[in-house]
Amino acid sequence: MKLRHFRLIGASLVGASVAWTAASRLHSYDVPAALTMACSLALFANVMAAINHVVEVAFSTTHRCRVPGCHFRVRLADADAVESRRWQEAAAAHPAHDPARLG
């Protein structure tokens with residue numbers, strides 16, 4: 001199994017536990033079921049998305065354009081050395097820096 005499968009399972013478990021904790025606390029205050037469900041689902045989705053984003057940023061490779069002021073970048077996850085090198089070259093020579101286009 002790839003890292004992303006473990007990441008999704010782990011993020012789902014953490015998100016579900018946070019949502020369950022919030023739902024149980026809201027239920028103790030007699031909050032209506034629809035509002036409790038909405039809050040729990042929102043917490044689940046946000047926690048899962050945050051964990052996925054943090055893990056993706058931590059384990060991905062980013063190639064940026066080296067021209068000052070240019071914000072072009074490519075982020076790769078699970079890329080081999082050949083593909084990473086190809087995207088590194090693409091980031092260095094992306095179309096916005098084509099001399100014929102700039103002149």
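Structure shown above.
About the criteria used
- Residues numbered from 1 in each chain as written.
- Predicted model: local features only at pLDDT ≥ 70, side-chain atom pairs only at ≥ 80, totals over all residues.
- Heavy atoms only, no water.
- Helix = DSSP H or I, 4+ residues; strand = E, 2+ residues; numbered from the N terminus.
- Expected span 1.5 Å × (residues − 1).
- Contact = heavy atoms within 4.5 Å.
- Salt bridge = Lys/Arg side-chain N within 4 Å of Asp/Glu carboxyl O.
- Buried < 20%, exposed > 50% of the residue type's maximum accessible area, 1.4 Å probe, protein only.
- Axes fitted to C-alpha atoms, helices over the stretch in contact; angles between N-to-C directions.
- Parallel < 35°, antiparallel > 145°, perpendicular 65-115°, else oblique.
- Left-handed = near helix turned anticlockwise from the far one by under 90°.
- Patch = residues over 30% accessible without salt bridge, like charges linked within 9 Å, V, L, I, M, F, W, Y side chains within 5 Å.
- Areas by Shrake-Rupley, 256 points an atom, 1.4 Å probe, with all protein chains shown as cover.

A. Structural context of helix H2 (residues 33-58). Its 26 residues give H2 an end-to-end C-alpha distance of 37 Å, which sits within 8% of 38 Å, the value for a rise of 1.5 Å per residue. The secondary structure elements touched by the buried residues of H2 are helix H1 (3-28).

B. Main features of the pattern of salt bridges. A full pass over the atoms with the stated rule returns 2 salt bridges. Arg-75 serves as the salt-bridge partner of Glu-56, at 3.9 Å between the closest nitrogen and oxygen. Note that Glu-56 is positioned in helix H2 and Arg-75 in strand E2 (residues 73-76), a separation of 19 residues in sequence. Here Glu-56 falls in the partly exposed class, since its relative accessible area comes to 32%. For the salt bridge of Arg-85 with Glu-89, the shortest nitrogen-to-oxygen distance reads 3.4 Å. A residue pair is termed a helical-turn pair when its members lie 3 or 4 positions apart in one helix, as Arg-85 and Glu-89 do in helix H3 (residues 81-92) at 4 residues. What makes Glu-89 partly exposed here is its relative accessible area of 45%.

C. Examining the packing of H1 against H2 more closely. Between H1 and H2, the shortest axis-to-axis distance is 8 Å and the interhelical angle comes to 150°. When the axes of H1 and H2 are compared, the pair comes out roughly antiparallel. Crossing hand, H1 versus H2: right-handed. Contact residues: H1 offers Arg-7, Leu-8, Ala-11, Ser-12, Val-14, Gly-15, Ala-16, Val-18, Ala-19, Ala-22, Ala-23 and Leu-26, while H2 offers Thr-36, Cys-39, Ser-40, Leu-43, Phe-44, Val-47, Met-48, Ile-51, Asn-52, Val-55 and Glu-56.

D. Broad picture of a nonpolar patch on the surface. Nonpolar side chains collect at one region of the surface, where Val-14, Val-18 and Leu-43 lie side by side and expose about 180 Å² of accessible area between them. Examined against the element boundaries, Leu-43 turns out to sit in helix H2. Look at Leu-43 and you get partly exposed, because its relative accessible area is 33%.

Any functional reading would require information that these geometric values do not contain.
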